[in-house]
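Summary of structural features
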Amino acid sequence: MGDINSAGSGRFSGGKYDNVRISGSGQIDGDIECASLSASGSVRCGGNLKCHGIIKTAGSAAVAGDIICDDSASFAGSAVIDGSIKCRELSSAGSIIVKGDGIEAETAKIAGGATISGLLNAECVTIRHNGGVTIDSIGGSEITILSGDKSHSILTKTKKSGKKLVVKESIEGDTVTLEGVKAKAVVGRIVKVDEDCEIGTIRYTESAEIAEGAKVGSAEISE
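Criteria and cut-off values
Residues numbered from 1 in each chain as written. Predicted model: local features only at pLDDT ≥ 70, side-chain atom pairs only at ≥ 80, totals over all residues. Heavy atoms only, no water. Helix = DSSP H or I, 4+ residues; strand = E, 2+ residues; numbered from the N terminus. Rg over C-alpha atoms; globule rule 2.2 N^0.38 Å. Contact = heavy atoms within 4.5 Å. Areas by Shrake-Rupley, 256 points an atom, 1.4 Å probe, with all protein chains shown as cover. Lys, Arg positive; Asp, Glu negative; His and termini not counted. Charge placed at Lys NZ, Arg CZ, Asp CG, Glu CD. 1 Å grid on protein atoms, 1.4 Å probe; cavity = no way out; pocket = protein on both sides within 12 Å on 5 of 7 lines; lining within 4 Å. Points joined across faces, edges and corners; volume = space filled by probe spheres on them. Nonpolar A, V, L, I, M, F, W, Y, C, P; charged D, E, K, R; others polar. Buried < 20%, exposed > 50% of the residue type's maximum accessible area, 1.4 Å probe, protein only. Core = buried A, V, L, I, M, F, W, Y, C linked by side-chain atoms within 4.5 Å. Salt bridge = Lys/Arg side-chain N within 4 Å of Asp/Glu carboxyl O. Disulfide = S-S within 2.5 Å.

In terms of regular secondary structure, the protein is built from zero helices and 15 strands. Against the globule reference of 17 Å for 223 residues, the protein gives a C-alpha radius of gyration of 19 Å, in line with a compact fold. Across its three principal directions, the C-alpha atoms of the protein cover 60 × 40 × 25 Å. Expressed as a percentage of contacts within the protein between residues at least 6 apart in sequence, the contacts between residues at least 24 apart total 11%. Carbon and sulfur atoms make up 48% of the accessible area of the protein, which amounts to about 10,700 Å² in all. Considering the protein, the positive charge centre built from 24 side chains and the negative charge centre built from 30 side chains are found 6 Å apart.

Turning our attention to empty space enclosed by the protein. Following the criterion strictly, the structure yields one cavity of 30 Å³ or more and no others. Along the walls of the largest cavity sit Ile-32, Leu-37, Val-43, Cys-45, Leu-49, Ile-55, Thr-57, Ala-61, Ala-62, Val-63, Ile-67 and Phe-75, which together make up its complete lining. Ranked by residues supplied to the lining of the largest cavity, first place goes to strand 5 (residues 55–63) with five residues. The class makeup of the residues in the lining of the largest cavity is 11 nonpolar, one polar and no charged.

The residue Thr-57 is located in strand 5 in this model. Judged by relative accessible area, Thr-57 falls into the buried class, the value being 6%.

What follows deals with the nonpolar core. Side chains of a nonpolar character, in soluble globular proteins, are inclined to be buried together. One finds Ile-85, Leu-120, Ile-138, Ile-171 and Leu-178 to be the most contacted residues of the largest nonpolar core, which totals 57 residues. In this view, Leu-120 contacts Ile-103, Ala-108, Ile-110, Val-125, Ile-127, Ile-135, Ser-137, Ile-138 and Gly-139; residues no more than four positions away in its chain are not counted.

Attention now goes to the pattern of salt bridges. Counted according to the given criterion, the structure contains nine salt bridges. Note that Asp-136 is salt-bridged to Lys-168, the shortest N-O span being 3.9 Å. Placement of the pair is Asp-136 in strand 11 (residues 133–147) and Lys-168 in strand 12 (residues 165–178), with a sequence separation of 32 residues. By relative accessible area, which is 46% here, Lys-168 ends up partly exposed.

This part covers the environment of Ala-185. Looking at where Ala-185 falls in the secondary structure, it is placed in strand 13 (residues 181–193). Sequence separation between Ala-185 and Leu-165 is 20 residues, and the spatial gap between their C-alpha atoms is 14 Å.

Next up on the list: the state of the cysteines. Tallying each qualifying case throughout the model produces zero disulfides. With no disulfide of its own, Cys-34 lies 4.1 Å from the sulfur of Cys-51, the closest cysteine sulfur.

Written as structure tokens, this is what we have:
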């Protein structure tokens, strides 16, 4: 199948490849299937991207279709995906936009900005934000959303931005911990809501810890 090794600026046909390495600017026309993809700078894919190993981009990435990755997909910088993402592990640091049916993964870690249409679904979801995040719905087992920049010093408390992460519909999980979140509904076994949250309804089966100052329409236990 061969490799793609590009330094500088290059344009390539879609198809099947082994390892794809792009440094600089790379354009891939149509669908691509590869063993791995690593890009630094700018990479554009004009169709679907299927990868049997690791996807790693730093800089600017754009995919006109879906991403299916058997291993981990890591985006540092900006990424715009016109379709959906399905992978084992997702990591985003910077800004990610997913316009399709959402994200399906075992673990999803997002730091920075994000706009995700559809459902973000993962066993473990961790998001650290300063606002600038909009997601249709979130589902999973362990869901943790934290606001502000957390210092590594034990002498400094977390500084919260005061900005909201917006979930248009619902957050549903086993254990749900929320800071700086605005959502219509939260459903979980154990739910913890910080004071800077705005939640329409909370339904829980075991416990709900709601900080004083949090804006919650109603909270009720479900059988």
